[in-house]
Amino acid sequence: MNAAKRYEIFSRLRDDNPEPTTELNWTTPFELLAAVLLSAQATDVGVNKATARLFPVANTPAAIIELGIDNLKEHIKTIGLYNTKAENLMKTCHLLIDKHGGEVPDTRAALEALPGVGRKTANVVLNTAFGHPTMAVDTHIFRVSNRTRIAPGKDVLEVEKKLLRHVPKEFLKDAHHWLILLGRYTCVARKPRCGSCLIEDLCEYKDKTDI
């Protein structure tokens, strides 16, 4: 895929959705970090239901520590792997208070040092909370990047690096949101909805559908 085609793809995605964002509900960097930490192997809808119960009661590191691990688990028990996630979130809250004055750091190294926070989670927080031009490659972005040939790669890190290299700079900050939404609702896993896709004529997928 050439640079002109990539530019047109992201131009269309921007025209269709000028201010994309995560579908997780959050109002502070800590709420976003907590929501993303809880979202592994869970849907955004499911996480939003849990945080709608949790955040009115405790939405800061200090408040979650005060809530206690058993009450935290009770608030998020509808989410898969909630025991492990509660333990990680509690440890993260202690580290945020001990090392960062209760604030969420805005560097990759500091974020990835938090329990349960991997590269993808750090990228989401850096991008969505702090405006860094990072690329949080999840299963949707990995599929879309390979299927369309925007940035094919054998693993998520290779796709991330190629996207950072090939996506035009003016689109970088919002690109991962557009690609996630495209993969979640149009370029779906089993049978992509090519016939209703904004970029069908630019996509290089060989087995296009007409739905």
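Only a predicted model underlies this, so the values are computations on that prediction, with no experimental measurement involved.

Here the focus is the overall build of the protein chain. If you tally the helices and strands in the protein chain, you get eleven helices and zero strands. Along the protein chain, helices (α) and strands (β) appear in the sequence α-α-α-α-α-α-α-α-α-α-α when read from the amino end. Relative to the globule expectation of 17 Å for 211 residues, the C-alpha radius of gyration of the protein chain, 18 Å, shows essentially globular dimensions. Overall, the C-alpha framework of the protein chain stretches about 55 × 30 × 30 Å when taken along its three principal axes. Counting across all 211 residues of the protein chain, residues that qualify as buried make up 48%. Residue pairs at least 24 apart in sequence account for 57% of intrachain contacts in the protein chain once pairs closer than 6 positions are excluded.

With that out of the way, let us pick up the packing of helix H9 (residues 139–148) against helix H11 (residues 172–185). Where H9 meets H11, the closest approach of the two axes is 8 Å, and the angle between their N-to-C directions is 85 degrees. The angle between H9 and H11 falls in the class roughly perpendicular. The segment H9 lies against H11, with His140, Ile141, Arg143, Val144 and Ser145 engaging His176, Leu179, Ile180, Leu182, Gly183 and Arg184. Its residues placed into classes, the contact of H9 with H11 shows five nonpolar, four polar and two charged.

Turning our attention to helix H10 (residues 156–166). Considered for burial, the residues of H10 that qualify are Val159, Glu160 and Leu163. Around the axis of H10, the buried residues are gathered within 100 degrees of arc, so they sit on the same side. Looking at the buried side of H10, the elements it contacts are helix H7 (108–112), helix H8 (119–128), H9 and H11. Capping the start of H10 is the job of one residue whose side-chain oxygen sits 3.3 Å from the backbone nitrogen of Leu157: Asp155.

Quick look at the packing of aromatic side chains now. The description of two aromatic rings rests on the distance between their centres and on the angle between their planes. Inspection of every chain in the model, using the stated rule, returns four aromatic pairs. Taken together, a centroid distance of 5.1 Å and an interplanar angle of 65 degrees make the contact between Tyr7 and Phe171 edge-to-face. Taken together, the residues span a long stretch of sequence, with Tyr7 in helix H1 (residues 3–16) and Phe171 in the loop between H10 and H11 at a distance of 164 residues. By relative accessible area, which is 34% here, Tyr7 ends up partly exposed.

Our focus in this paragraph is H11. Helix length check: H11 (14 residues) gives 21 Å between terminal C-alpha atoms against 20 Å at 1.5 Å per residue, within 8%. Taken across its 14 residues, H11 has eleven buried, putting it largely inside the fold. Within the sequence span of H11, burial applies to Leu172, Asp174, Ala175, His176, His177, Trp178, Leu179, Ile180, Leu181, Leu182 and Gly183. Those residues of H11 that are buried are in contact with H1, H8, H9 and H10.

Following both chains from N to C, one finds helix H2 (residues 29–38) and helix H6 (residues 82–100) inclined at 150 degrees, their axes separated by 10 Å at the closest point. Comparing the axis directions of H2 and H6 gives the class roughly antiparallel. Our pair here, H2 against H6, has a crossing hand that is right-handed. Residue-level contacts link Phe30, Leu33, Ala34, Leu37 and Leu38 of H2 to Lys85, Asn88, Leu89, Thr92, Cys93 and Leu96 of H6. Its residues placed into classes, the contact of H2 with H6 shows eight nonpolar, two polar and one charged.

What counts, and where the lines are drawn
- Residues numbered from 1 in each chain as written.
- Predicted model: local features only at pLDDT ≥ 70, side-chain atom pairs only at ≥ 80, totals over all residues.
- Heavy atoms only, no water.
- Helix = DSSP H or I, 4+ residues; strand = E, 2+ residues; numbered from the N terminus.
- Rg over C-alpha atoms; globule rule 2.2 N^0.38 Å.
- Buried < 20%, exposed > 50% of the residue type's maximum accessible area, 1.4 Å probe, protein only.
- Contact = heavy atoms within 4.5 Å.
- Axes fitted to C-alpha atoms, helices over the stretch in contact; angles between N-to-C directions.
- Parallel < 35°, antiparallel > 145°, perpendicular 65-115°, else oblique.
- Nonpolar A, V, L, I, M, F, W, Y, C, P; charged D, E, K, R; others polar.
- Arc of directions from axis to C-beta.
- Polar contact = N/O pair within 3.5 Å; in protein donor to acceptor, adjacent residues only side chain to side chain.
- Phe/Tyr/Trp six-rings, centres within 6.5 Å; stacked < 30°, edge-to-face > 60°.
- Expected span 1.5 Å × (residues − 1).
- Left-handed = near helix turned anticlockwise from the far one by under 90°.

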